[in-house]
Amino acid sequence: MAKPVACQINVAYADASPAGLPVSVGVPFPKGVLKDPMRLSVKSPSGERRSAAGRALAFWPDRSVRWCLVSFGARETGLHEVLVGKSVAASDHAVTVSQASGQWTIDSGRVQLVVDE
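For clarity, every value in this text was computed on a predicted model and none was experimentally measured. In every chain, residue numbers begin from 1 and rise along the written sequence. The model is predicted, so local features are restricted to residues of pLDDT at least 70 and side-chain atom pairs to those at 80 or more, both for listing and for counting; the totals for chains, interfaces and linings are taken over all residues. The side-chain numbers reported here are obtained from all heavy atoms of the structure, hydrogens and water having been left aside.

K.L.:
Would you explain the overall build of the protein in this entry?
P.N.:
For helices the rule is a DSSP run of H or I covering at least 4 residues; for strands it is a run of E covering at least 2, with both sets numbered from the N terminus onward. Within the protein, the secondary structure is distributed over zero helices and nine strands. If you list the helices and strands of the protein from N to C, you get β-β-β-β-β-β-β-β-β. Note on contacts: a residue pair is in contact if any heavy atoms of the two residues lie within 4.5 Å. When contacts within the protein are restricted to residue pairs at least 6 apart in sequence, long-range pairs at least 24 apart make up 63% of them. The Shrake-Rupley method, run with a 1.4 Å probe, gives the accessible areas here. Residue values count only the displayed protein chains as cover. Per element, the accessible surface of the protein, about 7400 Å² overall, is 55% carbon and sulfur.

K.L.:
I tried to follow the nonpolar core on my own but got confused; where do I start?
P.N.:
What tends to happen in soluble globular proteins is that the nonpolar side chains get buried as a cluster. In this description, a nonpolar core means a group of buried Ala, Val, Leu, Ile, Met, Phe, Trp, Tyr and Cys residues linked to one another through side-chain atoms lying within 4.5 Å. Relative accessibility decides the category of a residue: with a 1.4 Å probe and only protein chains considered, values under 20% of the type maximum give buried, values over 50% give exposed, and everything between is partly exposed. Counting 17 residues, the largest nonpolar core has Ile9, Phe29, Leu34, Leu40, Cys68 and Phe72 as its most contacted members. At the level of elements, β1 (3-11), β2 (21-28), β3 (40-43), β5 (65-74) and β6 (78-84) are the ones that each hand at least two residues to this core. Per-element accounting of this core gives the leading share, five residues, to β5.

K.L.:
What should I look at first to understand the packing of aromatic side chains in this one?
P.N.:
The geometry of two aromatic rings is summed up by the distance between their centres and the angle between their planes. The rule is short: rings of Phe, Tyr and Trp, with Trp giving its six-membered ring, pair when the centres are within 6.5 Å, and they are stacked under 30 degrees, edge-to-face over 60, tilted in between. Per the stated rule, a full pass over the model turns up zero aromatic pairs. Remark: a charge is flagged as sitting over a ring if the NZ atom of Lys or the CZ atom of Arg is within 6 Å of the ring centre and within 35 degrees of the ring normal. Lying across the ring of Phe59, Arg63 places its NZ or CZ 4.2 Å from the centre. Cation over ring: Arg66 sits above Trp60, and NZ or CZ is 4.1 Å from the ring centre.

K.L.:
For this particular structure, what's the right way to read the sheet that holds strand β9 (residues 112-116)?
P.N.:
The strands making up a sheet associate through backbone hydrogen bonding, with each pair oriented either parallel or antiparallel. Strand order across the open sheet formed by three strands is β7-β8-β9, with antiparallel pairing between neighbours. Edge positions in the open sheet fall to β7 (96-100) and β9, since each of these has one partner strand only. The average undirected angle you get between the axes of adjacent strands in this sheet is 15°. Strands were regarded as paired on the criterion that DSSP finds at least two bridges between them. One ladder, built from five bridges, connects strand β8 (residues 103-107) with β9; its direction is antiparallel. Counted as the bridge partner of Asp107 is Gln112 from β9. Only the contacting stretch of a helix is used when fitting its axis, a line to C-alpha atoms as for every element, and angles between N-to-C directions run 0 to 180 degrees.

Structure below.
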């Protein structure tokens, strides 16, 4: 079971789509609490567990993470709690990449990017 970390992120804007609105913030962790940034999730104000990505920015002498860039998709506004423990599977919303007629197309369902070769 995940244990809460003394960190809440107040999200001012959100997007109700499955991916949510991207949020990234630097979060400090007490010594020894976070060993693997891949073991993060976020609990929304309504209690929904959202997947989160973590990137270690600084370490304690014991090699635990001191500062971590935490990124997640916010589907609602308000206080979100960063959790350490078992990570949550990312949404199954796929991004596709295709090539045709000298162009590459990257499509997320909400945004489509077309690039010439």
